[in-house]
Amino acid sequence: MEKDRFYTVRGYQIHFPKVNQLTPAMEDYIEMIYRESLKKRYIRVNTLSELLNVKAPSTTKMLQRLKELGFVEYQKYGVIGLTEKGKEMGKFLLDRHSTVEEFLKNLGVKEELLEQTELIEHNISIETLEKMRKFNRFLEENPEVKEKYQKNNP
């Protein structure tokens, strides 16, 4: 398969797989647990389910899978915690989310910002993410450029 040809999203995932790729849902769970761990000492299944707008049984199944993969510490009816591996991944995922969101804000995206961020963040390469991060930093260091862009692109 040639990398410069067009494929469906699923086609890219199949033909150019990432090593140990987590599903977008797995990433969302890890990111949300990490977000909450920055605010509170622990989180429980019902709270996590509410935050992600999913049913508790689905959350329990996902936690069991993430435990098998070594990302979470969890026992039935207990609290949920991240392992060191989970904390590292959670930090990366939250940073990725914030970078994409800031990039979209810099472009002037206002409507459906969270939805657009979520859709993009799960399908972005590390190289593209780093370019977004550098671009965001460039605009932060050059507010006159950002202002000029935003003035010409309301």
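Residues numbered from 1 in each chain as written. Predicted model: local features only at pLDDT ≥ 70, side-chain atom pairs only at ≥ 80, totals over all residues. Heavy atoms only, no water.

A. Broad picture of the overall build of the chain. A count of helices and strands for the chain gives 8 helices and 2 strands. Ordered by position from N to C terminus, the α and β elements of the chain give α-α-α-α-β-β-α-α-α-α. For the chain, the residues scored as buried account for 32% of the 154 residues in total. Taking contacts inside the chain between residues at least 6 apart in sequence as the whole, the part at least 24 apart equals 54%. Put simply, the chain shows about 10,900 Å² of open surface, and 53% of that area lies on carbon and sulfur atoms. (Helix = DSSP H or I, 4+ residues; strand = E, 2+ residues; numbered from the N terminus. Buried < 20%, exposed > 50% of the residue type's maximum accessible area, 1.4 Å probe, protein only. Contact = heavy atoms within 4.5 Å. Areas by Shrake-Rupley, 256 points an atom, 1.4 Å probe, with all protein chains shown as cover.)

B. Fine view of the packing of helix 5 (residues 84-107) against helix 8 (residues 143-152). Following both chains from N to C, one finds helix 5 and helix 8 inclined at 60 degrees, their axes separated by 9 Å at the closest point. The orientation of helix 5 relative to helix 8 falls into the category oblique. Between helix 5, through Lys105, Asn106 and Leu107, and helix 8, the contact on the second element is made entirely by Lys146, Tyr149 and Gln150. By residue class, the composition of the contact of helix 5 with helix 8 is 2 nonpolar, 2 polar and 2 charged. (Axes fitted to C-alpha atoms, helices over the stretch in contact; angles between N-to-C directions. Parallel < 35°, antiparallel > 145°, perpendicular 65-115°, else oblique. Nonpolar A, V, L, I, M, F, W, Y, C, P; charged D, E, K, R; others polar.)

C. Quick look at the packing of helix 2 (residues 24-37) against helix 3 (residues 45-52). Close contact between helix 2 and helix 3 brings their axes to 11 Å; oriented N to C, the two are set at 115 degrees. What the angle tells us is that helix 2 and helix 3 run roughly perpendicular. You can see that helix 2 and helix 3 cross each other, and the crossing is right-handed. Every residue of helix 3 that contacts helix 2 at Asp28, Tyr29, Met32, Ile33 and Glu36 is listed here: Leu48, Leu51 and Leu52. (Left-handed = near helix turned anticlockwise from the far one by under 90°.)

D. The nonpolar core, seen in detail. Formed by 20 residues in total, the largest nonpolar core has its most connected members in Ile30, Ile33, Leu48, Leu63, Leu66, Val72 and Ile80. Elements represented by at least two residues in this core include exactly helix 2, helix 3, helix 4 (56-68), strand 1 (72-74), strand 2 (80-82) and helix 5. Contacts of Ile33, omitting those with residues within four sequence positions, involve Ile43, Leu48, Leu63, Val72, Ile80 and Leu82. Listed in part, the 7 residues of the second largest apolar core include Leu113, Ile124, Leu129 and Met132. (Core = buried A, V, L, I, M, F, W, Y, C linked by side-chain atoms within 4.5 Å.)

E. Representation of a nonpolar patch on the surface. A cluster of nonpolar side chains, namely Phe135, Phe138 and Val145, defines an oily patch on the protein surface of about 240 Å² accessible area. With respect to the secondary-structure elements, Phe138 resides in helix 7 (residues 126-141). With a relative accessible area of 39%, Phe138 lands in the partly exposed category. (Patch = residues over 30% accessible without salt bridge, like charges linked within 9 Å, V, L, I, M, F, W, Y side chains within 5 Å. Salt bridge = Lys/Arg side-chain N within 4 Å of Asp/Glu carboxyl O.)

F. The arrangement of the pattern of salt bridges in detail. With the rule as written, the count across this model stands at 8 salt bridges. Put simply, Glu27 and Arg96 hold a salt bridge, and the shortest N to O gap is 2.7 Å. One end of the pair, Glu27, is in helix 2; the other, Arg96, is in helix 5, and 69 residues separate them in sequence. Using a relative accessible area of 11% as the deciding quantity, one classes Glu27 as buried.

G. Quick peek at helix 2. Here helix 2 spans 20 Å end to end across 14 residues, near enough to the 20 Å set by a 1.5 Å rise per residue. Within the sequence span of helix 2, burial applies to Met26, Glu27, Tyr29, Ile30, Glu31, Met32, Ile33, Tyr34 and Glu36. (Expected span 1.5 Å × (residues − 1).)

H. Summary view of the environment of Tyr42. Within the secondary structure, Tyr42 is located in the loop between helix 2 and helix 3. With a relative accessible area of 44%, Tyr42 lands in the partly exposed category. C-alpha separation for the pair Tyr42 and Leu82, spaced 40 residues apart in sequence, amounts to 9.5 Å. In contact with Tyr42, not counting residues within four places along its chain, are Val79 and Ile80.

Honestly, that's just the spatial picture; any functional story needs more than this.
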